[in-house]
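Below are the chains, spelled out letter by letter.
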Amino acid sequence: MSSGAQDIFSVMSHSISQSFEKECHHLGLLKMDGSDGENLAVTLKRNLDNHGVTNKVLAYVFDGGRNLARCRDILKSTVTCGDLSVAFPYAGSCWAHILNTAISKAIGSTANHDVGLVTFKFKDVRKKLQSCITWTKKSGKGARTWEKSCVTAGLVPKKLYSPVKTRFGSILLMLDRILEYRKAVTICYGQSQEVDLQVRNPSVTEWHVAQRVFECLMPIMETFVLNQAAESWLLSDNFSSCVTLTAKLTKISEDALPTDGSVEPGTFNYELGMYLRDAVTSSRDYIRQYLIFLQDFDVNKAHYVIALLLDPRYTRLTLLVDYARIDGSADIPHIKRNVKAYLDVLIEWLQSLYNSMHGHATSQDSQDREMEEAFDLFDVTSSNAANVESTVRKEFSLYQKDCLNYVRNRPVLKWVSEREEKFPHVTKLARCVFAIVGSQIDNERVFSAAGVISKNRRNRIGVQNMDSIMHIYHNYPNELVKKDSAPSLAEISSDQTRSDTLKRYISEMTDAEIDLLIDVEDDSAVTECE
């Protein structure tokens, strides 16, 4: 965030408790006069020291900021994870930020597409639709006219939302609502007696462009909104949804412009198909660059695949095989070889946990000692490390077989906790890895809450007081208020399409919840720093 000449950063910690409950704590708002990576690293290190978690950090989640990347590189040598004995914390990507940028790549094109007398540019189409929304909220007359138009069209009057400048997902939400109320918009503007209102009425071509763009980019919005609505915590949920989305976008880009000759070159549908193909391809290519470690082994990205291997819903990694079959940038043999390499990293982590739980000198059971004595009779030295590796490999192999018995829609953390006695080392590793979140949604909520708190009469509140308020707000929630969580992406029933689930969820949301979802408080005194 930024406030005046100062930069303010929010720090959140995530963990899984001994009882396998999700825990999220606000560690503080860090005030800095400069946002360079060196100063940020020193301030963040001091904050972690104050909370006693410097040696308990397994991974960071950052967005694409250069100063944050520099901070990550500096902290590699000072922050560790004692239980796993990793050389340095893993740096994770914020998948919500990736999806938001992917949408911007698709809808940010400013190129004109000319077909004879027809010219369209999605940026102009978007502005035309936004002008319709602006007038309905400008005055009481506009609001009353809009309500009457909705009633005439047989629709429940609802507020139309203008997209937020830096929230590209809100543009798709705007398209979803205004396309649903297309009949009311036509009545409000097309049948008006005022000329300045008639010119706002979108043409048939503009409606068609908006409809096609929305249909093609719907999978991105679906993943983006449902992940936030379900408050996706597990890294495996965020990572797997982006892998699946990339495969979907590949299929959509191929279908946007049929190759069977049914659409003639030079026609409006042909040009529109080319535009949509380019838009979807640009989104897919942007997401794909964050999945390159599936094709080329990168030990710094091992935690992504390990999260899938530990999650009973994805342990067979069929989604990676499906991704390789659809997406031309990857092939199955390469992915299989890399998965084996990532599995070796998982085994190394299990060995570290084994040694930390049992101690190097006492890590053998009676059977192992008998085996060592038998080898010593022939002057052969048995390797304790080899015995530990064999033990944890066998345990993980049995765990994977047990994952085949996982019942769909069963809470993952509860399922894993029930196997703690049977697989003590694997379940402890799962507690560590499942604590890695896939996005910065919790930090974004701090920004939104801080923006609301600092408005109007409290716009001069100091950072220290704001930090105290945020500490109470996030770390001491009201236990009497229970919020029903929406279903996760993996819990949606097979007989219900994702599109229906998305529309049902949005339709059940109140106006205040939608405001929070698309962050309409972006113009507040405390705003997010790009």
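Residues numbered from 1 in each chain as written. Predicted model: local features only at pLDDT ≥ 70, side-chain atom pairs only at ≥ 80, totals over all residues. Heavy atoms only, no water.

Colleague: Just to check I follow, could you spell out the overall build of the protein for this structure?
Modeller: Helix and strand counts for the protein come out as 22 helices and seven strands. By residue count, 48% of the 530 residues in the protein fall in the buried class. Restricting the contact set of the protein to residue pairs at least 6 apart, pairs at least 24 apart contribute 75%. Put simply, the protein shows about 26,200 Å² of open surface, and 50% of that area lies on carbon and sulfur atoms. (Helix = DSSP H or I, 4+ residues; strand = E, 2+ residues; numbered from the N terminus. Buried < 20%, exposed > 50% of the residue type's maximum accessible area, 1.4 Å probe, protein only. Contact = heavy atoms within 4.5 Å. Areas by Shrake-Rupley, 256 points an atom, 1.4 Å probe, with all protein chains shown as cover.)

Colleague: Looking at this structure, I do not really get the packing of helix H3 (residues 95–107) against helix H11 (residues 268–288). What am I missing?
Modeller: Packed helices, taken two at a time, are described by their axes: the angle between them and the distance between them. Closest axis-to-axis distance for the H3/H11 pair is 8 Å, and the angle between their directions is 155°. Considering the angle they form, H3 stands roughly antiparallel to H11. Viewed along their axes, H3 and H11 form a crossing whose handedness is right-handed. Across the interface between the two elements, Ile98, Leu99, Thr101, Ala102, Ile103, Lys105 and Ala106 of H3 pack against Tyr275, Ala279, Ser282, Ser283, Tyr286 and Ile287 of H11. (Axes fitted to C-alpha atoms, helices over the stretch in contact; angles between N-to-C directions. Parallel < 35°, antiparallel > 145°, perpendicular 65-115°, else oblique. Left-handed = near helix turned anticlockwise from the far one by under 90°.)

Colleague: So what exactly am I meant to see when it comes to the environment of leucine 217 here?
Modeller: On the secondary structure map, leucine 217 appears in helix H9 (residues 204–229). Linking leucine 217 and leucine 249, residues 32 residues apart in sequence, is a C-alpha distance of 8.4 Å.

Colleague: Where do I start with the packing of aromatic side chains in this structure?
Modeller: Any two aromatic rings considered together are summarised by their centre-to-centre distance and by the angle between their planes. Under the definition given, this model contains 15 aromatic pairs. Between tryptophan 95 and tyrosine 304 the ring centres are 5.7 Å apart and the planes differ by 75°, which places this aromatic pair in the edge-to-face class. One end of the pair, tryptophan 95, is in helix H3; the other, tyrosine 304, is in helix H12 (residues 302–310), with 209 residues separating them in the sequence. Across the pair, exposure class does not vary: tryptophan 95 and tyrosine 304 are buried alike. Here the aromatic cluster, defined as three or more aromatic residues joined through ring pairs, consists of Trp95, Phe239, Tyr286, Tyr290, Phe293 and Tyr304. The residue whose ring lies beneath arginine 419 is tryptophan 415, and the NZ or CZ to ring-centre distance is 3.8 Å. (Phe/Tyr/Trp six-rings, centres within 6.5 Å; stacked < 30°, edge-to-face > 60°. Lys NZ or Arg CZ within 6 Å of the ring centre and 35° of its normal.)

Colleague: How should I be thinking about the packing of helix H14 (residues 332–358) against helix H18 (residues 424–434) in this particular structure?
Modeller: At a closest axis distance of 9 Å, the pairing of H14 and H18 adopts a crossing angle of 110°. Considered as vectors, H14 and H18 are oriented roughly perpendicular to each other. Of the residues in H18, those in contact with Leu346, Trp349, Leu350, Leu353, Tyr354, Met357 and His358 of H14 are Pro424, His425, Val426, Lys428, Leu429 and Val433. A per-class count over the contact of H14 with H18 returns 10 nonpolar, two polar and one charged. (Nonpolar A, V, L, I, M, F, W, Y, C, P; charged D, E, K, R; others polar.)

Colleague: Whenever I open this one, the pattern of salt bridges confuses me. Can you help?
Modeller: Pairs can form between side chains of opposite charge whenever their charged atoms are close. Going through the model one piece at a time under the given rule, you end up with 14 salt bridges. For the salt bridge of glutamate 206 with lysine 128, the shortest nitrogen-to-oxygen distance reads 3.2 Å. Here lysine 128 lies in helix H4 (residues 122–138) and glutamate 206 lies in helix H9, a separation of 78 residues in the sequence. A relative accessible area of 18% places glutamate 206 in the buried class. Here glutamate 418 makes a salt bridge to arginine 410, at a shortest N to O gap of 2.3 Å. (Salt bridge = Lys/Arg side-chain N within 4 Å of Asp/Glu carboxyl O.)

Colleague: Explain unusual backbone geometry here, please?
Modeller: With glycine set apart, most residues show a phi of negative sign, and most peptide bonds adopt trans. Its identity is not glycine, yet phenylalanine 20 carries a phi of approximately 60°, on the positive side. Checked against the element boundaries, phenylalanine 20 lands in the loop between strand E2 (6–16) and strand E3 (22–32).

Colleague: Help me out: how do you make sense of the pairing of strand E5 (residues 90–93) in this one?
Modeller: Taken residue by residue, a regular strand's side chains alternate between the two faces of the sheet. The side-chain alternation of E5 yields two buried faces, one formed by Tyr90 and Gly92 and the other by Ala91 and Ser93. As defined by bridge partners, strand E4 (residues 59–62) adjoins E5 across four bridges and the pair is classed as parallel. Its bridge partner lying in E5, tyrosine 60 is registered against alanine 91. (Pairing = 2+ DSSP bridges.)

Colleague: Would you mind going over the environment of arginine 277 with me for this structure?
Modeller: Structurally, arginine 277 can be placed in helix H11. C-alpha of arginine 277 to C-alpha of alanine 256: the two residues are 21 residues apart in sequence and 5.5 Å apart in space. Residues in contact with arginine 277, not counting those within four places in the same chain, are Ser253, Ala256 and Leu257.

Colleague: It is not clear to me how H4 should be interpreted in this structure. Could you clarify?
Modeller: Each turn of an α-helix holds 3.6 residues, which means side chains three or four residues apart point in the same direction. Here H4 contains 17 residues, and its C-alpha end-to-end distance of 24 Å stays within 8% of the 24 Å for a straight helix at 1.5 Å per residue. Taken together, the buried positions of H4 are Phe122, Val125, Arg126, Lys128, Leu129, Ser131, Cys132, Ile133, Trp135 and Thr136. (Expected span 1.5 Å × (residues − 1).)

Colleague: Explain the confidence of the model for the protein here, please?
Modeller: Regions with low pLDDT should not have their predicted coordinates read in detail. Summary statistics for the protein give a mean pLDDT of 75 and a share of 75% for residues scoring 70 or more. Low pLDDT, under 50, characterises residues 479–498; the predicted model gives this stretch 27 contacts beyond four residues in sequence or across chains. (pLDDT = per-residue confidence, 0-100.)

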